[in-house]
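# Structure at a glance
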Amino acid sequence: MNITVCVKRVPDTETRIRIAASGNEIDEGGVKYVLSPYDEFALEAALQVVEEAGSGRVTVLSFGGDATKESLRSALALGAHEAVLLKGEPTMDGWATAQVLASELEGDDAALVLFGVKAVDDDQQQVGPMVAELLGRPCATAVAAMEVGDGVATCWRTVEGGQEVVEIDLPAVATVTKGKYEPRYASLRGIMAAKRKPLREKEAAVVEPGFVVESLEYPPPRPEGRIVGEGPEATAELVRLLREEAKAI
Amino acid sequence: MASRFAGIDFYDVDSLLAEEERMVRDAIREWVEDRVMPIIGHAYVERRFPKELVPEIGELGMLGANLPEEYGCAGLGNVSYGLIMQELERGDSGLRSFASVQGALVMYPIHAFGSEEHRRHWLPKLASGEKIGCFGLTEPDYGSNPAGMITTARETADGGWVLNGTKMWITNGSMADVAVVWAQTRAPGDAKGIRGFVVPTDTPGFSARDQKGKLSLLASDTSELVLQDVRLPASALMPGSTGMRSPLMCLTQARYGISWGAVGAAMACFCEAVDYAGERVMFDGPIAGKQIQQVRIADMLTSITQGQLLCLRLGRLKDEGKMTPQQVSLAKRANVDMACNIAREARRLLGANGILAEYSSMRHMANLESVYTYEGTHDIHSLVLGQTITGIGAF
Ligand SMILES: Cc1cc2nc3c(=O)[nH]c(=O)nc-3n(C[C@H](O)[C@H](O)[C@H](O)COP(=O)(O)OP(=O)(O)OC[C@H]3O[C@@H](n4cnc5c(N)ncnc54)[C@H](O)[C@@H]3O)c2cc1C
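Residues numbered from 1 in each chain as written. Chains lettered and ligands numbered in written order. Predicted model: local features only at pLDDT ≥ 70, side-chain atom pairs only at ≥ 80, totals over all residues.

### Examining the environment of R16(A)
Looking at the secondary structure, you find R16(A) in the loop between strand 2 (9-11) and strand 3 (33-35). Here the alpha-carbon distance between R16(A) and S74(A), two residues 58 residues apart in the chain, equals 22 Å. (Helix = DSSP H or I, 4+ residues; strand = E, 2+ residues; numbered from the N terminus.)

### Topic: the confidence of the model for chain B
Taken as a whole, chain B shows an average pLDDT of 97; of its residues, 99% reach a score of 70 or greater. What the predictor reports for the complex is a pTM of 0.92 with an ipTM of 0.85. (pLDDT = per-residue confidence, 0-100.)

### So, the packing of helix 8 (residues 325-349) of chain B against helix 10 (residues 378-390) of chain B
All names here are of chain B. Between helix 8 and helix 10, whose axes approach to 9 Å, the crossing angle comes to 140°. Between helix 8 and helix 10, the angle falls in the class oblique. For helix 8 against helix 10, the interelement crossing comes out left-handed. Taken together, the residues of helix 10 that come into contact with helix 8 (itself represented by Q326, S329, L330, K332, R333, V336 and D337) are H378, H381, S382, V384, L385 and T388. (Axes fitted to C-alpha atoms, helices over the stretch in contact; angles between N-to-C directions. Parallel < 35°, antiparallel > 145°, perpendicular 65-115°, else oblique. Left-handed = near helix turned anticlockwise from the far one by under 90°. Contact = placed C-beta atoms within 7 Å.)

### Digging into the interface of chain B and chain A
Taken together, the contacts link 18 residues of chain B with 13 residues of chain A. Going through the elements one at a time, helix 1 (19-45) and helix 2 (54-60) of chain B are the ones with two or more residues in the side of chain B that touches chain A. At seven residues, the largest contribution of residues to the side of chain B that touches chain A is made by helix 1 of chain B. When grouped by side-chain class, the residues that make up the side of chain B that touches chain A number ten nonpolar, three polar and five charged. (Nonpolar A, V, L, I, M, F, W, Y, C, P; charged D, E, K, R; others polar.)

### A word on the domain arrangement of chain B
Residues and elements named next belong to chain B. Assigned domains within chain B: domain 1 (13-128), domain 2 (133-236) and domain 3 (245-390). Just the C-alpha atoms count here: the centres of domain 1 and domain 2 sit 23 Å apart. Of the residues lining the interface, 26 residues belong to domain 1; the matching set on domain 2 comes to 16 residues. Of all the elements in the fold, those that place two or more residues in the side of domain 1 that touches domain 2 are helix 1, helix 4 (93-113) and helix 5 (116-128). Counting residues per element, the side of domain 1 that touches domain 2 draws most heavily on helix 4, which supplies eleven residues. (Domains from an automatic or database assignment.)

### Observations regarding unusual backbone geometry
Negative phi is the rule for most residues except glycine; trans is the rule for most peptide bonds. With an omega of 0°, the peptide bond running from L170(A) to P171(A) counts as cis. Structurally, the position occupied by P171(A) is in the loop between strand 9 (162-169) and strand 10 (172-176). Here D12(B), not a glycine, exhibits a phi torsion of approximately 50°, which is positive. Looking at the secondary structure, you find D12(B) in the segment before helix 1. Taking the number of C-beta atoms within 10 Å as the measure of exposure, D12(B) has 8 and is therefore exposed. (Buried ≥ 20, exposed ≤ 12 C-beta atoms within 10 Å, placed from the backbone.)

### Some remarks on the pairing of strand 7 (residues 222-232) of chain B
The side chains of a regular strand alternate between the sheet's two faces. Residues and elements named next belong to chain B. Of the pairings in the sheet, the one linking strand 3 (residues 161-171) to strand 7 comprises eight bridges and is antiparallel in character. In the strand pairing of strand 7, W161 is matched with L232. When strand 6 (residues 206-210) meets strand 7, the two strands line up antiparallel, connected through five bridges. Each bridged residue has a counterpart across the sheet, and for F206 the counterpart in strand 7 is L227. (Pairing = 2+ DSSP bridges.)

### Re the site of the ligand
Residue and element names in this part refer to chain B. Every one of the 20 residues lining the ligand counts as a neighbour, but L137, T138, G143, S144 and D379 are closest to it. Secondary-structure elements contributing two or more residues to the shell around the ligand are strand 1 (133-136), strand 3, helix 9 (361-373) and helix 10. Broken down by element, the shell around the ligand gets its largest block of residues, three residues, from strand 3. Broken down by class, the residue content of the shell around the ligand amounts to nine nonpolar, nine polar and two charged. In this structure, the shell around the ligand is formed jointly by two domains, domain 2 (133-236) and domain 3 (245-390), each of which donates at least three residues. (Near = placed C-beta within 6 Å.)

### Digging into the sheet that holds strand 11 (residues 199-203) of chain A
All names here are of chain A. Pairing within the open sheet is mixed, and its nine strands lie in the order 9-8-7-10-6-1-4-5-11. Edge strands, defined here as strands with exactly one partner in the open sheet, are strand 9 and strand 11. When the angles between neighbouring strand axes are averaged without regard to direction, this sheet yields 35°. Where strand 4 (residues 58-64) and strand 5 (residues 82-87) come together, six bridges link them in parallel fashion. Within strand 5, the residue paired with V60 across the bridge is A83. The strands that helix 3 (residues 94-105) touches are strand 1 (3-6), strand 4, strand 5 and strand 6 (112-116); relative to strand 4, the one it contacts most, it runs at about 140°.

Next comes the structure, spelled out in structure tokens:
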């Protein structure tokens with residue numbers, strides 16, 4: 001069974017983001033880019049499914065500029081078999097990106113197309129479901145674990161306070177979240193092997209964005225900490241605030 | 001909570017690295033962050049080499065990473081290899097020592113001087129970490145002058161060998177499955193008579209004893225090897241070993257990696273110092289805002305940047321086949337000295353907390369004293385350079 005994983009190159013979550021002079025994009029100077037962490041879960045899911053099946057190929061697909069080749073090679077180093085780069089300049093418009101990807105995926109024989117549940121740069125969670133819609137395939141979102149059988153995939157979805165188990169008929173689309181699929185480390189042999197794996201480049205379909213970022217702003221400075229009380233007596237109040245106000249527990 | 005380690009790159013050295021080299025560095029960096037940092041302080045205090053990490057180190061391909069793929073190695077270039085050492089030693093010099101010995105002092109000689117049978121038998125298992133190796137050169141009375149060694153290898157009538165002698169300060173010694181042992185096959189002092197043997201450690205007459213009482217490299221196995229009438233077949237001799245030159249070639253490989261490793265240890269201390277200085281408030285402000293501490297960290301950044309460029313250039317020369325042992329001496333000497341100074345200054349910046357195992361600086365400081373001494377002491381490398389400059393040997 002073949003699986004295609006759509007991946008995006010995003011700023012490292014450790015990077016301190018600066019807004020560019022234009023005010024509606026980030027300053028890319030000095031920013032380190034990585035594969036979006038949720039895409040790594042999706043890739044790991046694909047690799048595990050194919051490894052368990054004992055056959056099949058994992059293709060990674062990305063829409064992006066030249067630098068995206070580096071991200072694709074890092075996916076190849078992790079074990080993907082081949083990579084396809086749709087060369088172009090993605091915008092923040094998830095619908096435009098979905099159309100670009102879908103036009104490539106239409107001719108694809110993959111039984112499963114996987115995405116990360118979201119890209120950590122724009123956090124929109126749109127592209128996976130939109131691609132499913134464009135391809136006319138069922139879609140399971142926020143999948144924490146999956147089992148692929150004959151013509152169907154069973155997916156464990158993370159929902160508020162629990163799990164939901166769904167079955168989707170293949171071919172299908174799924175978006176993957178944190179759960180069973182802790183990404184592996186790239187082995188050094190994998191990095192060497194990646195250089196010999198195919199990475200095809202194509203011009204991406206041109207889709208005019210209908211969604212334009214007007215401006216970006218920094219988050220407000222974090223409010224000062226609050227001292228609830230001192231000693232063991234303060235515990236009850238602290239727990240109450242954590243539960244009711246911060247909703248952290 | 002300190003943020004994830006991001007390395008030091010004040011001079012955009014990253015742009016001098018190939019994509020593959022950056023990927024290698026990042027992969028090892030991530031692994032060290034996740035797997036080594038949470039346990040290393042405890043392992044150190046418990047005086048324990050974290051052997052449980054060896055299978056992963058092997059699986060990721062860190063052992064003998066610059067040796068060819070046909071023997072199960074990663075087949076990386078020398079800069080990638082150096083970056084692995086940098087990242088490992090960012091974790092702990094003991095871990096880097098393990099990898100240096102296995103890769104540069106055991107796998108390298110087996111590859112360079114061993115028979116094809118040695119290579120086929122040992123290299124894949126050493127690369128995967130299934131087997132562990134050690135390198136026995138130093139003796140109790142022959143440290144800086146190993147050519148004077150008194151461990152003997154006597155050829156027997158049937159063409160086999162009998163080894164007798166004692167090797168000291170042997171990294172991985174007690175846990176090794178195989179030892180590369182250097183012994184004199186001729187009269188004492190005949191440098192050309194020194195040959196290398198591949199000795200399985202379960203050979204009768206071979207024993208190893210942990211070196212007690214260390215105050216440095218506590219998360220590393222350092223042992224004494226005793227060879228008492230160790231009988232070996234003719235095939236144990238590494239046919240390509242040709243005198244003292246051969247172990248020195250191994251040391252050049254290991255020292256090359258050490259010059260990178262030292263940069264990693266220094267980076268770890270620098271990052272710890274900067275983080276701490278930003279958080280520690282004394283006299284109404286973070287100590288990072290005090291001029292003395294700023295001088296400290298400015299000096300650290302300067303020497304780390306110098307060290308980084310030095311070993312990168314050395315790595316490029318090595319890839320081009322132009323690196324000389326004297327250049328390696330310069331880098332080992334300069335970078336380890338640099339790292340020793342930085343570790344000590346970082347420890348001081350941390351005040352009382354700096355003496356705790358919870359922080360890394362004092363562990364690095366203590367470790368680096370061994371690194372300063374092994375693989376040719378700082379002084380011996382001074383003499384190598386002195387001889388190179390003046391033409392006069394002063395040993
Ligand atoms: C933790 C650790 C791990 C080690 N691992 C290994 C290993 O795996 N395998 C192995 O074979 N060895 C190993 N060694 C041994 C190491 O290489 C030797 O300790 C080193 O070569 C120095 O030898 P020595 O300790 O006998 O010091 P000595 O040679 O006795 O030196 C003592 C002092 O005299 C100085 N000195 C020596 N000669 C001169 C001279 N001509 N002029 C001026 N000064 C001089 C030295 O610089 C030093 O300061 C290890 C050592 C340590 C500490």
